[in-house]
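What the coordinates show
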Amino acid sequence: MNIFHIVGARPNFMKVAPVLSALQGRQGVTQTLIHTGQHYDVNMSDVFFQQLGIPAPDVNLAVGSGSHAQQTAEIMLRLEPVVLERRPEIVLVYGDVNSTVATVLVCAKLGVRVGHVEAGLRSFDRSMPEEVNRLVTDQLADLLFTPSEDGDKNLAHEGIAPEKIFLVGNVMIDSLVRLLPAARETSRRELPERYALVTLHRPANVDDSARLKGILESLLEVNRDLTVVFPAHPRTRKRIVDFGLNAGQLRLLDPCPYVDFLGLQSRATVVITDSGGIQEETTYLGVPCLTVRENTERPITVSMGTNVLVGRDPEKLRSELARVLAGKAKKGSIPPLWDGRTGERIADVLTKLS
Ligand code: UD1
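Predicted model, so just to flag it, every value in this text is computed and none were measured. (Residues numbered from 1 in each chain as written. Predicted model: local features only at pLDDT ≥ 70, side-chain atom pairs only at ≥ 80, totals over all residues. Heavy atoms only, no water.)

Regarding the environment of Ala 204
Mapped onto the elements, Ala 204 comes out in helix 8 (residues 203-206). Classification of Ala 204 by relative accessible area gives partly exposed; the value is 48%. Along the chain, Ala 204 and Ser 127 lie 77 residues apart, while their C-alpha atoms are 8.7 Å from each other. Ignoring anything within four residues of it in the chain, the contact list for Ala 204 reads Arg 211 and Arg 312. (Helix = DSSP H or I, 4+ residues; strand = E, 2+ residues; numbered from the N terminus. Buried < 20%, exposed > 50% of the residue type's maximum accessible area, 1.4 Å probe, protein only. Contact = heavy atoms within 4.5 Å.)

Now the structure itself:
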């Protein structure tokens, strides 16, 4: 069985690594790794391949940045001939980025089976580009690998046949479990004992100057109590400069490699973020997470984990931060099947396919 894996953006890389490694050496399996080139900076891509031990891609489509339509269309145009020529039996896509939806559109029309890793997550907010990607991907995929039961329920509600759905757990946690010991060894970067780790890159937060200004003001306020360490996505850094905003005393860093960032998370007093994956990683690590969004496609991190949605309300951020500083942060537990063995479960399903 020839299996294609298609990845393109930073959050795909920690998800593909465990599946590639679980399928490695299974009888009758050959694997082809395709990078769309959606992310191309060394510190958004290459460094992740190195640290996660992912082999160099067999094909790089080198699409680069663009509008959603441009990027998605470019991936489709460049991927179609590769699929036609190499005729994979199954194509695996990961997460909810433009590379994911572009691939599923190409493969569905060519009659090639697709498996979606991290299926079923829903924010129910279609203003979020990823929500559109999730909805389309799950409608067209043939195998849907879900991280938690809420995913199964969402898919059932959308009329997806139960025999297509496999509750396998959270594959990103496989990478975390494997590399946490190395992460704990990373340098403390001359950081104080207590600090707030911040990431922000959602268009809704960073593409609007008033919104970004408001968030930065809140962070400068946080910084009075707790050093703010802020590895900035290229998009966010560009916006701060373009809008002429003041990141003042905040410790703005370049995007961090995977292991280093995991080290920063594991030691943080609190994490403030709008990322999806970080809500999950902090839940696993038991680190308090304040999510600067009105909704989440990962509700289990709120119901079981350490995540609190603070939305757009600076007052809520203030009060939740005060709780953390007072040692009264919400306690959480690790959701079922977030155990480091999800890649193996996916490989088991795939190798039993006829
Ligand atoms: C993409 C994903 C998002 C994910 C995020 C993680 C979609 C719709 N969005 O958002 O779900 O959480 O990745 O990073 O797929 N840029 C660089 N260097 C790079 C890549 C991007 O400088 O290597 C800059 C470019 O200015 C680019 C901008 O970042 O225009 C946005 O990149 P893009 O891939 O469009 O979306 P992300 O914001 O990274």
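We are not done yet, so read on.
Examining the domain arrangement of the chain
Along its sequence, the chain is organised into domain 1 (2-170 + 338-353) and domain 2 (180-325). Of note, the centres of domain 1 and domain 2, computed from C-alpha atoms alone, are 26 Å apart. The interface is formed by 23 residues belonging to domain 1 together with 21 residues belonging to domain 2. Of the roughly 1800 Å² buried between domain 1 and domain 2, counting both surfaces, carbon and sulfur atoms make up 58%. Taken as a group, Asn 43, Gln 51 and Trp 338 account for 29% of the area that domain 1 buries against domain 2, more than any other trio of residues on that side. Counting across the interface, domain 1 meets domain 2 through three salt bridges. In this structure, Glu 130 engages Arg 202 in a salt bridge whose closest nitrogen and oxygen atoms are separated by 2.9 Å. At the junction of domain 1 and domain 2, the tally comes to eight residue pairs in polar contact (both at pLDDT 80 or more). Of all elements in the fold, only helix 1 (10-23), helix 2 (46-52) and helix 5 (129-140) reach the threshold of two or more residues within the side of domain 1 that touches domain 2. Split into classes, the residues belonging to the side of domain 1 that touches domain 2 amount to eight nonpolar, six polar and nine charged. (Domains from an automatic or database assignment. Buried area = accessible area lost by both parts, 1.4 Å probe. Salt bridge = Lys/Arg side-chain N within 4 Å of Asp/Glu carboxyl O. Polar contact = N/O pair within 3.5 Å; in protein donor to acceptor, adjacent residues only side chain to side chain. Nonpolar A, V, L, I, M, F, W, Y, C, P; charged D, E, K, R; others polar.)

Some words on the nonpolar core
With 51 residues, the main nonpolar core has Leu 52, Ile 54, Phe 145, Tyr 258 and Leu 350 as its most contacted residues. In terms of residues, this core owes the most to one element, helix 1, which gives eight residues. Residues from two domains meet in this core; each of domain 1 (2-170 + 338-353) and domain 2 (180-325) gives at least three. Apart from the residues within four sequence positions on either side, Tyr 258 is in contact with Met 14, Phe 48, Gln 51, Leu 52, Met 172, Ser 175, Leu 176, Leu 179 and Glu 281. Membership of the second largest hydrophobic core comes to 27 residues, among which are Phe 230, Val 308, Val 310 and Ala 329. (Core = buried A, V, L, I, M, F, W, Y, C linked by side-chain atoms within 4.5 Å.)

Focus on the pairing of strand 11 (residues 270-273)
Burial along strand 11 is two-sided: Val 270 and Ile 272 and Val 271 and Thr 273, pointing in opposite directions, are all buried. In terms of strand pairing, strand 8 (residues 195-199) meets strand 11 through four bridges, oriented parallel. From the neighbouring strand, Leu 197 faces strand 11, where its bridge partner is Val 271. Here three bridges tie strand 11 to strand 12 (residues 289-291), and the two strands are oriented parallel to one another. In the sheet register, Ile 272 faces strand 12, and the bridge partner there is Leu 290. Assessed by its sense of winding, the connection that carries the chain from strand 11 through helix 12 (residues 277-285) to strand 12 is right-handed. (Pairing = 2+ DSSP bridges. Right-handed = clockwise from strand over helix to strand, strands pointing away.)

A short note on helix 7 (residues 171-185)
Leu 179 marks where helix 7 bends most, by close to 55°; the proline Pro 181 follows one to four residues later. Along helix 7, the residues that are buried comprise Val 171, Met 172, Ile 173, Asp 174, Ser 175, Leu 176, Leu 179, Leu 180 and Ala 183. Its buried side turned inward, helix 7 meets helix 1, helix 2, strand 5 (113-117), helix 11 (258-267), helix 12 and helix 15 (342-351). (Bend = angle between axes of the 7 residues up to and from the residue.)

A closer look at helix 9 (residues 209-225)
The end-to-end C-alpha distance of helix 9, which contains 17 residues, comes to 25 Å, matching closely the 24 Å that a straight helix rising 1.5 Å per residue would cover. Those residues of helix 9 not exposed but buried are Arg 211, Leu 212, Ile 215, Leu 216, Ser 218, Leu 219, Val 222 and Asn 223. Down the axis of helix 9, the smallest arc covering the buried residues is 160°, so these residues share one side. More than 90 degrees from the buried face of helix 9, the exposed residues found are Ala 210 and Arg 224. Those residues of helix 9 hidden inside the fold are in contact with strand 8, helix 8, strand 9 (227-231), helix 10 (234-242), strand 11 and helix 14 (314-325). (Expected span 1.5 Å × (residues − 1). Arc of directions from axis to C-beta.)

A closer look at the sheet that holds strand 9
With respect to topology, six strands assemble into an open sheet ordered 10-9-8-11-12-13, the strand pairing being parallel. Each having just a single partner strand, strand 10 (251-253) and strand 13 (307-309) make up the two edges of the open sheet. Put simply, the sheet's adjacent strands are angled 20° from each other on average, direction ignored. (Axes fitted to C-alpha atoms, helices over the stretch in contact; angles between N-to-C directions.)

Quick word on the state of the cysteines
Tallying each qualifying case throughout the model produces zero disulfides. Counting only cysteine sulfurs, Cys 289 is the nearest neighbor of Cys 256, a cysteine outside any disulfide, at a range of 16 Å. Assessed through its relative accessible area of 6%, Cys 256 is described here as buried. Residue Cys 289 is classed as buried on the basis of its relative accessible area, which comes to 0%. (Disulfide = S-S within 2.5 Å.)

Digging into the sheet that holds strand 2 (residues 30-35)
Taken together, the seven strands give an open sheet; going across it, the order is 3-2-1-4-5-6-7, and neighbouring strands pair in parallel fashion. The sheet terminates laterally at strand 3 (59-60) and strand 7 (165-167), the two strands that pair on one side only. Direction of pairing for strand 1 (residues 2-7) relative to strand 2: parallel, over a ladder of six bridges. Across the sheet, the residue bridging to Phe 4 is Thr 32, located in strand 2. On top of the sheet, helix 1 reaches strand 1, strand 2 and strand 4 (90-94); it is set at about 165° to strand 1, its chief contact. Running at roughly 170° to strand 1, helix 3 (residues 68-86) makes contact with strand 1, strand 2 and strand 3 of the sheet.

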